[in-house]
Amino acid sequence: MSQPITALRETATAIRKSILTVAWNAPSDGVHISPALSMTDVLAVLYGSVMRYRPAKITDRQRDVFILSKGHAALGLYATLFHHQIISETQLNSFEINGSVLQVHPTKHEEYGIDFSGGSLGQGMSFAIGLALSHRLQCQPWQTYVLIGDGECNEGAVWEGAFMAAQHRLDNLTVIVDQNGLQSDGFTDDIMCMNLPALWQAASWQTLTCDGHDHQALLAAFNTLRDGRPKVILARTVKGKGVSFMENNKEFHRNRLNEQQMQQALAELDGEKSC
């Protein structure tokens, strides 16, 4: 699939509106809204112009694979799958309903385009590395993409995986770090200050940085020629992107919207679409 930049922007706005609407209707006391909003542009570009797959045959092994490691942002993935014709609107609207496949953290259901059960941070990297290594051993051309959070980089498993992937020179693996600067307990620099570009470079990864909300910059990063090593894209993002009162506000890491906030959020996104 390959969408023009204007279409990618429209899709990203539509995904954000779906995140808000589904969260509003969810039968729970809170939803991880802002972590989903920060990664929306990354997913819009990946599913709209980078990954090779057929929505109608999403269980086909002959395709690129996306792994969401920061599983608490699952609603962002579900909304993306809907807007790329992989799941239906009815399925999307079943989010968190008792018995639904689509729960607060993703559970592996290949027919829904979900290839990994997430939730325990730091584990998606290991799964993605195993998948990429399997493709390499079978001489298959498919790429594996895994999205992790910057707070998730506090996990030791991330760095064990990084060194292993570099050792095997898995140039069919791309990690995207959603570098929004916040995690559930506060600002990432206050909790564990890490020089992420230096650390990934030290682990011998092809290391790129870009604005994680600039679709052209994201495309350029994804399309940068590989140099024989695994690639990491440090995507600088804003937690809660697109909704002013959520941006850089840790209170919406997991929360509910009241009616006034919901109306304001949708109005802001409508305004963004008309710009």
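Attention in this report is confined to the structure presented alongside it. This one's a predicted model, so the numbers in the text were calculated from it and none came from an experiment.

Pairing analysis gives six bridges linking strand 6 (residues 206–211) to strand 7 (residues 231–236), with the strands arranged parallel. Considered in strand 7, the bridge of Thr-207 is made with Val-232.

A few words now on the pattern of salt bridges. Applying the stated criterion across every chain yields a total of twelve salt bridges. The residue Asp-178 makes a salt bridge to Lys-70 at a minimum N-O spacing of 2.8 Å. Here Asp-178, found in strand 3 (residues 173–179), pairs with Lys-70, found in the loop between strand 1 (65–68) and helix 4 (74–83); they are 108 residues apart in sequence, far enough to count as distant. Its relative accessible area of 3% is what places Lys-70 among the buried residues. Of the charged contacts, one joins Glu-110 and Lys-108 as a salt bridge, the two residues approaching to 3.7 Å between their closest N and O atoms. When its relative accessible area of 39% is taken as the criterion, Lys-108 is described as partly exposed. Salt bridges linked by common partners bring Arg-61, Lys-108 and Glu-110 together as one network.

All chains considered together, the criterion is met by eight aromatic pairs. With 5.0 Å between their ring centres and 45° between their planes, Phe-116 and Phe-127 make a pair best called tilted. With a gap of eleven residues between them, Phe-116 in the loop between helix 5 (89–92) and helix 6 (123–137) and Phe-127 in helix 6 connect regions that are remote in the sequence. Residue classification places Phe-127 among the partly exposed positions, given a relative accessible area of 32%. Chaining the aromatic ring pairs together yields one cluster made of Tyr-47, Tyr-53 and Phe-66.

The next point concerns helix 1 (residues 5–25). It helps to recall that an α-helix has 3.6 residues per turn; residues three or four apart then point in one direction. Taking 1.5 Å per residue as the helical rise, helix 1 with its 21 residues ought to reach 30 Å, and the 31 Å between its terminal C-alpha atoms agrees with that figure. All buried positions along helix 1 are accounted for by Ile-5, Leu-8, Thr-11, Ala-12, Thr-13, Ile-15, Arg-16, Ser-18, Ile-19, Leu-20, Val-22 and Ala-23.

The rules behind the values
Residues numbered from 1 in each chain as written. Predicted model: local features only at pLDDT ≥ 70, side-chain atom pairs only at ≥ 80, totals over all residues. Heavy atoms only, no water. Pairing = 2+ DSSP bridges. Helix = DSSP H or I, 4+ residues; strand = E, 2+ residues; numbered from the N terminus. Salt bridge = Lys/Arg side-chain N within 4 Å of Asp/Glu carboxyl O. Buried < 20%, exposed > 50% of the residue type's maximum accessible area, 1.4 Å probe, protein only. Phe/Tyr/Trp six-rings, centres within 6.5 Å; stacked < 30°, edge-to-face > 60°. Expected span 1.5 Å × (residues − 1).

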